[in-house]
Amino acid sequence: MPGPPESDLARVCARKLALGHLAEARDARRSLKKVYEPEGLHDLRVSLRRLRVALKAYRPYLGRAGSSKILRDLARLIRPTGRLRDLDVAATALRRLRPPARGAVARRVETERRTLIRALNARILPGLKDAGRRLIKRLREPPSGKGRPISWDDAWQLAVLDARNRLTRRGRETGKGELEQAHRVRIAAKALRYLLEPFEKKRPGADKELLKARHLQDRLGRERDLRMLRELGIPAPRICRGSG
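Conventions we followed
- Here the residue index of a chain counts from 1 through its sequence in written order.
- Given that the model is predicted, a residue must reach a pLDDT of at least 70 before its local features are reported, and side-chain atom pairs must reach 80 or more before they are shown or counted; all residues, however, enter totals for whole chains, interfaces and linings.
- Heavy atoms throughout the structure, all of them, feed into the side-chain values; hydrogens and water do not.
- Put simply, DSSP H or I for four residues or longer makes a helix, DSSP E for two residues or longer makes a strand, and each gets a number counted from the N terminus.
- In this analysis, the expected span of each helix is defined as 1.5 Å times one less than the number of residues it contains.
- We call a residue buried when its accessible area falls under 20% of the maximum for its residue type, exposed when it is over 50%, and partly exposed in between, using a 1.4 Å probe and counting protein chains only.
- Nine residue types can take part in a nonpolar core, namely buried Ala, Val, Leu, Ile, Met, Phe, Trp, Tyr and Cys, and a core is a set of them joined through side-chain atoms within 4.5 Å.
- For this analysis, residues touch if any pair of their heavy atoms sits within 4.5 Å.
- Only the stretch in contact is used when a helix axis is fitted, and all axes are lines through C-alpha atoms; the angle between N-to-C directions ranges over 0 to 180 degrees.
- By the definition adopted for this analysis, an angle is roughly parallel if under 35 degrees, roughly antiparallel if over 145, roughly perpendicular if from 65 to 115, and oblique otherwise.
- A crossing counts as left-handed when the near helix is turned anticlockwise from the far one by less than a right angle, and as right-handed when that turn is clockwise.
- Two aromatic rings from Phe, Tyr or Trp, using only the six-membered ring of Trp, form a pair when their centres are within 6.5 Å; if the ring planes differ by under 30 degrees the pair is stacked, by over 60 it is edge-to-face, and anything between is tilted.

### Quick look at the environment of Glu24
With respect to the helices and strands, Glu24 occurs in helix α1 (residues 6-34). Along the sequence, Glu24 and Val46 sit 22 residues apart, while their C-alpha atoms lie 9.3 Å from each other.

### A word on helix α8 (residues 206-231)
Along its 26 residues, α8 runs 37 Å from first to last C-alpha, staying within 8% of the 38 Å computed at 1.5 Å per residue. Taken together, the buried positions of α8 are Ala206, Leu210, Ala213, Gln217, Leu220, Gly221, Asp225, Leu226, Met228 and Leu229. Just past α8, the residue Gly233 takes up positive phi, approximately 90°.

### Section: the nonpolar core
Generally speaking, nonpolar side chains in soluble globular proteins are found buried as a group. Counting residues in each nonpolar core, the largest one holds 55 residues, and the members touching the most others are Leu44, Leu48, Leu51, Leu55, Tyr58, Leu120 and Leu135. Among the elements of the structure, α1, α2 (38-57), α3 (68-78), α5 (99-139), α6 (152-172), α7 (178-196) and α8 are those that each provide at least two residues to this core. Ignoring any residue separated from it by four or fewer positions in sequence, one finds Leu51 in contact with Ala18, His21, Leu22, Leu74 and Leu135. Ala91, Leu97, Val105 and Leu232 belong to the second-largest nonpolar core, a separate cluster that totals 12 residues.

### Points about the packing of α6 against α7
Relative to each other, α6 and α7 sit at 165°, their axes nearing to 9 Å. It follows that α6 is roughly antiparallel to α7 by the angle criterion. The two elements α6 and α7 meet at a crossing, and its hand is left-handed. The segment α6 lies against α7, with Trp156, Ala159, Val160, Ala163, Arg164, Arg166, Leu167, Arg170, Gly171 and Arg172 engaging Gln181, Arg184, Val185, Ala188, Ala189, Leu192, Leu195 and Leu196.

### A short note on the packing of aromatic side chains
What the rule picks out here adds up to three aromatic pairs. Taken together, a centroid distance of 4.8 Å and an interplanar angle of 50° make the contact between Tyr58 and Trp152 tilted. Here the residue Tyr58 occupies a position in the loop between α2 and α3, and Trp152 occupies one in helix α6, the gap between them amounting to 94 residues. Of the two residues, Tyr58 and Trp152, both sit in the buried class. Measuring from centroid to centroid gives 6.2 Å for Trp152 and Phe199, while their planes differ by 45°, and the two rings are tilted. Here Trp152, found in helix α6, pairs with Phe199, found in the loop between α7 and α8; they are 47 residues apart in sequence, far enough to count as distant. Taking the relative accessible area as the measure of exposure, Phe199 reaches 10% and is therefore buried. Members of the aromatic cluster, joined through ring pairs, are Tyr58, Trp152, Trp156 and Phe199.

As structure tokens, then:
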């Protein structure tokens, strides 16, 4: 049986990739619905970020599935989970301290954390379920046939080039606060990483570039977490030693 036409290949593969990320998000959502675990929230956030990166990078080949509204809806649902993730990190850090050092900080963190977990179950997870259903319908719509023919390999290379250039621009930006610029660089590194990961062992040099993107993202992420812990009043030097 002949394969898909060259003009359809990017559309077919981009949809398959997005559906895969959506399935991972659905599994993480179902797991969180049964019982809340910080690792489950991490899995949900990662799968949704990968989905958004794919939808944005390959939107020329995804029809209505790559619309700005879809991207905004996903961002709106993901955004509130960031604070809960931070509090999970804080709760883990506090458990490493002796009871007298926890005090009111631990009670404040746990109170807010429980409130956000209730909000996750009441609003965010149901909202993600509805958004997922709408996205699946759009991903399964037949291609419009518009746009120039392009192979999946060419589409991927264009997406990576764009992400690579964006990361470079973010690193050279001026007029931004230090924290804002670090955040923008970390997000750009994350997007490049997610685009490279499916091709890590298939494209020459992808593994090395992926490793650099991971290291940059991880370093900036650790720095951000330390700032967040200090703002909550958790002793940063002890966290540094405990993090290994």
